[in-house]
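Commentary on secondary and tertiary structure
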Amino acid sequence: MPPRFSYVSPESALNALACRLQVVQATIRTDELTDRVIAQDVVADRDSPAADVSAMDGYAISRADLHDSPTLPVSGESSAGSPPPQWRLGTAVRIFTGAILPVGCDAVIKREETQESESEVTIVRDASGVSDGENIRCAGENAAGGSVVMQSGTRITAAQRATLVNFGCLEAIVFEPVRIAIVTTGDEVGEFRQTQPEPWQLRNSNQAALQSLIRPHRWMTVSQSVHCLDDPDALTQQMQQSLIDSDVVVLTGGVSMGDYDHVPDAVVSAGAEIVFHGLPIRPGKPILGAVTGDGKLVLGLPGNPVSATVCGHRFLLPLAAKISGQVKWKTPSALVKLVNPSDRSIPLHWMKLVRLVDDGLAEVVASQGSGDLVSLGQSDGYVCVPPDAIGPGPWPYFGW
Ligand SMILES: Nc1nc2c(c(=O)[nH]1)N[C@H]1C(S)=C(S)[C@@H](COP(=O)(O)OP(=O)(O)OC[C@H]3O[C@@H](n4cnc5c(N)ncnc54)[C@H](O)[C@@H]3O)O[C@H]1N2
Ligand code: MOO
């Protein structure tokens, strides 16, 4: 086993694991693209915009025509959905947003800068100030036809979907969803659907938390949710079986120093190599990260419910994103300031449960520690306070 704290931060531990993971296969071509990861570059099928178009409702003119008089006869109309009319020297063309600029025109005057009648238009601003190309979106200014507009490894949200459809990309090759097996451990843990747990028993909140981290997404899937008793052989067998048809096995519990903590040995018996066991973080200090010879991830999360949920978010999600083919795989954070900072520091990366109270402001949730499921339920996310740091921050915030 490598020495404890072979990595000094969550970031360095994530990098150390990420570089050894195998990205899933890219096979299916599908039109179900939302929240999938594309496995191909997307190329513009034509210029964007496809022609010079107006950015405003107004009048297309040639600036040279304004030298003599600010009033021009209206010779035609260009509206979205039709080809442009022929422009005649010395005239203006009524034009609408998105419509094609007639050949010969070099500016569009906004409607509110004119006085209009059916047959003519008068520009009511200083005509010498009209600039070349004013209110015109030029053909190809967003992208030239044939250029790459989206890179392989992009996750498709509403924003990317709009881009794809605009360029005629209705189907794409995508990466297969990452298959994640959730294996919870512990003789004390059960479902207790019909019966009340005894005082020495508890409900499997870690399984539920991990399912809820994974299931909202379509680029990953829960391939298996199983519970394993604290038996080393059963645990090894379960892990070997889970690794057959999953890309990730995430375990909770049994990862620390107790007599019933069999996960580290079982991980090795199942054929994975431990990359780290223990990180300078709270909660989650005993966390274990391992990788198989074929680049599958085995993540042992501590059993305490706050640790399992926070570390599932901080470690499982980005590493699964890496396996899913996403180029930007690290979970994005925003900076928030704490309204109730503590004056106590610890020599660990301290992930504190917080709720958001205003834009850029968060409040630390009072918590009895990593077994406090009440505080977990009152949180919107957590902030990461670096070792030995105190004060309000700002600190990186990760939302659930
Ligand atoms: N001698 C030491 N003891 C402990 C250390 C240490 O460094 N030295 N670290 C402590 C820390 S920190 C944590 S976190 C825990 C993690 O230990 P394990 O991963 O071995 O977790 P368990 O002992 O199995 O369980 C801890 C706690 O969580 C409950 N649990 C477990 N599974 C579930 C589940 N699926 N759903 C809900 N709750 C669960 C379990 O009943 C325990 O109460 O170790 C410390 N000890
Ligand atoms: O570090 Mo443990 O995860 O707090 O209870």
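Right above here is the structure, for reference.
On a predicted model such as this, the values are computed, not experimentally measured, just so you know. Position labels on residues start from 1 in each chain and follow its written sequence. Chains carry letters and ligands carry numbers; both start at the beginning, A for chains and 1 for ligands, and go up in the order they are written. Given that the model is predicted, a residue must reach a pLDDT of at least 70 before its local features are reported, and side-chain atom pairs must reach 80 or more before they are shown or counted; all residues, however, enter totals for whole chains, interfaces and linings.

The next point concerns the overall build of the protein. In terms of helices and strands, the protein carries seven helices and 26 strands. For 400 residues, the compact-globule estimate of 2.2 N^0.38 gives 21 Å, and the C-alpha radius of gyration of the protein, at 30 Å, exceeds that figure by more than 25%. Taking the principal axes of its C-alpha atoms as reference, the protein extends roughly 95 × 50 × 45 Å. Three classes are used. A residue is buried when 20 or more other C-beta atoms lie within 10 Å of its own, exposed when 12 or fewer do, and partly exposed in between, with C-beta atoms placed from the backbone. When burial is assessed residue by residue, the protein has 39% of its 400 residues classed as buried. Once C-beta atoms have been placed from the backbone, residue pairs whose C-beta atoms lie within 7 Å are recorded as contacts. The long-range fraction of contacts in the protein, counting pairs at least 24 apart against all pairs at least 6 apart in sequence, stands at 70%. Starting at the N terminus, helices and strands are each numbered in turn, a helix being any DSSP run of H or I of at least four residues and a strand any DSSP run of E of at least two. Note that the radius of gyration is over C-alpha atoms, with the globule rule given as 2.2 Å times the number of residues to the power 0.38.

DSSP calls a pair of strands paired once it identifies at least 2 bridges connecting them. With mixed pairing, the six strands of this open sheet are ordered in space as β7-β4-β6-β5-β9-β8. Looking at which strands have only one partner, the edges of the open sheet turn out to be β7 (107–110) and β8 (114–116). In this sheet, neighbouring strand axes are inclined to one another by 40 degrees on average, regardless of whether the strands run parallel or antiparallel. As defined by bridge partners, strand β4 (residues 58–61) adjoins β7 across four bridges and the pair is classed as antiparallel. For Ile-61, the partnering residue across the bridge sits in β7 and is Ala-107. To get an axis, fit a line to the C-alpha atoms, keeping to the stretch in contact for a helix; angles then go from 0 to 180 degrees between the N-to-C directions.

Let us now look at the site of ligand 1. For each residue, a C-beta atom is placed from the backbone, and the residue is labelled near a molecule or strand when this atom is within 6 Å of it. Taken together, 27 residues lie near ligand 1, and Asn-206, Gly-253, Ser-256, Pro-302 and Gly-303 sit nearest. When residues of the shell around ligand 1 are traced back to their parent elements, those giving at least two are α3 (205–214) and α6 (305–323). Residues were grouped as follows: Ala, Val, Leu, Ile, Met, Phe, Trp, Tyr, Cys and Pro as nonpolar; Asp, Glu, Lys and Arg as charged; and all remaining residues, including Gly, as polar. Of the residues contributing to the shell around ligand 1, the split by class is eight nonpolar, 16 polar and three charged.

A separate point is the site of ligand 2. Taken together, Arg-282, Pro-283, Gly-284, Lys-285, Pro-302, Asn-304, Ser-307 and Ser-370 form the complete shell of residues around ligand 2. Residue composition of the shell around ligand 2, by class: two nonpolar, four polar and two charged.

Across the sheet, which stays open at both edges, the six strands sit in the order β16-β13-β17-β21-β20-β18 with mixed pairing between neighbours. The sheet is open, and its two borders are formed by β16 (220–228) and β18 (273–277), each paired with just one other strand. On average, each strand axis in the sheet is tilted by 20 degrees relative to the strand beside it, whichever way the strands run. Bridge analysis of strand β13 (residues 178–185) against β16 gives eight bridges, and the strand direction is parallel. Looking at β16, one finds that Arg-179 is bridged to Thr-221. Of the strands in this sheet, β18, β20 (288–291) and β21 (297–301) are in contact with helix α1 (residues 10–18), which crosses β18 at around 175 degrees.

All we've got here are geometric facts, nothing functional implied.
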